[in-house]
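# Examination of the molecular architecture
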Amino acid sequence: TLPTLNPVTIASNHANPAFAKTGSVVTISFTSSEGVTIDSATIAGNAATVLGGPTIWAASHTLTGAETEGLLPFSLSVTDLAGNAIAPVTATTNGSSVTYDKTVPTISSITTKDTNNNGSIDTATIVFDGAMDESTFAPGNFTIGVMAATSISTGTVDDNTFDVIVSPEIPGTN
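Here is a short report on the structure shown in this document. (Residues numbered from 1 in each chain as written. Predicted model: local features only at pLDDT ≥ 70, side-chain atom pairs only at ≥ 80, totals over all residues. Heavy atoms only, no water.)

### Examining the overall build of the chain
Put simply, the test is: Strands here mean DSSP runs of E at least two residues long; helices mean DSSP runs of H or I at least four residues long; both are numbered from the N terminus. Burial classes: relative accessible area under 20% of the type maximum marks a residue as buried, over 50% as exposed, and values in between as partly exposed (1.4 Å probe, protein chains only). Whether two residues are in contact is decided by their heavy atoms: any pair within 4.5 Å suffices. Residue exposure ignores everything except the shown protein chains as possible cover, and the areas themselves are Shrake-Rupley values with a 1.4 Å probe.
On a plain count of helices and strands, the chain comes out with zero helices and 16 strands. Across the 174 residues of the chain, 32% fall into the buried class. Here the contacts in the chain between residues at least 6 apart in sequence split such that 58% fall between residues at least 24 apart. Accessible surface, the chain: about 9200 Å² in total, of which carbon and sulfur atoms supply 55%.

So this is what it looks like as structure tokens:
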């Protein structure tokens, strides 16, 4: 009987596991229906480091910057202990995927506002040159003057424009 792999999932160690950047570790986790040997495991065309067995496995690769941006392909080839090989597995069983983005975002404009009319900046509208995933924003990503933001609320106007609300307000900065 041919072995089966189920579940098969892919994720990165990025804050949002469906995205990765250079330096991120991408891991394929999979379970085989019986003991198998791993003939090959690749992520984005690179040999992956495989750990586990005989039925619970993980194959990982650290992105170096040489990989092509976009959805990361993978391939798993396994053989059971009786010598039955299955066709390479190239899709997850749960619809998971990882998109690799190595392009550093650039900001085309920033506008600061004093929405409370008290002489303090509390909002900055930031326009990026391309679409951004707001789930990757963290307070430490933003500073106004020398003050780092301690909390951020984002309200997407479109895929590349965000209103960032800085709290606490930065006194006397407008």
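Back to the text.
### Brief notes about the sheet that holds strand 8 (residues 70-71)
How we decide: In this analysis, strands are considered paired if DSSP registers two or more bridges between them.
Taken in spatial order, the three strands make up an open sheet running 2-10-8, and their pairing is mixed. Only two strands of the sheet have a single neighbouring strand rather than two, namely strand 2 (19-20) and strand 8.

### Brief notes about the pairing of strand 9 (residues 74-80)
Buried residues dominate strand 9, accounting for seven of its seven residues. Taking every second residue as pointing to the same face, both faces of strand 9 are buried, with F74, L76, V78 and D80 on one and S75, S77 and T79 on the other. Sheet analysis places strand 4 (residues 36-43) next to strand 9, joined by seven bridges and oriented antiparallel. Bridge pairing in strand 9 links V36 to D80.

### Some remarks on the nonpolar core
Nonpolar side chains in soluble globular proteins tend to end up buried together. Note the cut-off: Among the buried residues, those of types Ala, Val, Leu, Ile, Met, Phe, Trp, Tyr and Cys that are joined through side-chain atoms within 4.5 Å form a nonpolar core.
One finds L5, V8, V26, I28, F30, F74 and L76 to be the most contacted residues of the largest nonpolar core, which totals 22 residues. Listed by contribution, the elements that provide at least two residues to this core are strand 1 (5-12), strand 3 (25-32), strand 4, strand 7 (56-62) and strand 9. Not counting residues up to four positions away in its chain, the partners in contact with L5 are F30, T31, S32, L76, V78, I86, V89 and T93. I126, F128, F142 and F162 belong to the second-largest nonpolar core, a separate cluster that totals five residues.

### Thoughts on the sheet that holds strand 9
The strands making up a sheet associate through backbone hydrogen bonding, with each pair oriented either parallel or antiparallel. With antiparallel pairing, the three strands of this open sheet are ordered in space as 5-4-9. Looking along the sheet, the strands with just one partner apiece sit at the ends: strand 5 (46-47) and strand 9.

### A short note on unusual backbone geometry
For the bond running from N6 to P7, omega is 5°, close enough to zero to count as cis. Cis rather than trans, the peptide bond between G53 and P54 has omega equal to -5°. Structurally, the position occupied by P54 is in the loop between strand 6 (49-52) and strand 7. Positive phi outside glycine occurs at A44, with the angle close to 55°.

### Things to note about the packing of aromatic side chains
Put simply, the rule is: Two aromatic rings from Phe, Tyr or Trp, using only the six-membered ring of Trp, form a pair when their centres are within 6.5 Å; if the ring planes differ by under 30 degrees the pair is stacked, by over 60 it is edge-to-face, and anything between is tilted.
Under the criterion given, the structure shown has one aromatic pair. Between F30 and W57 the ring centres are 6.4 Å apart and the planes differ by 10°, which places this aromatic pair in the stacked class. With a gap of 27 residues between them, F30 in strand 3 and W57 in strand 7 connect regions that are remote in the sequence. An identical accessibility class is assigned to F30 and W57; each is buried.

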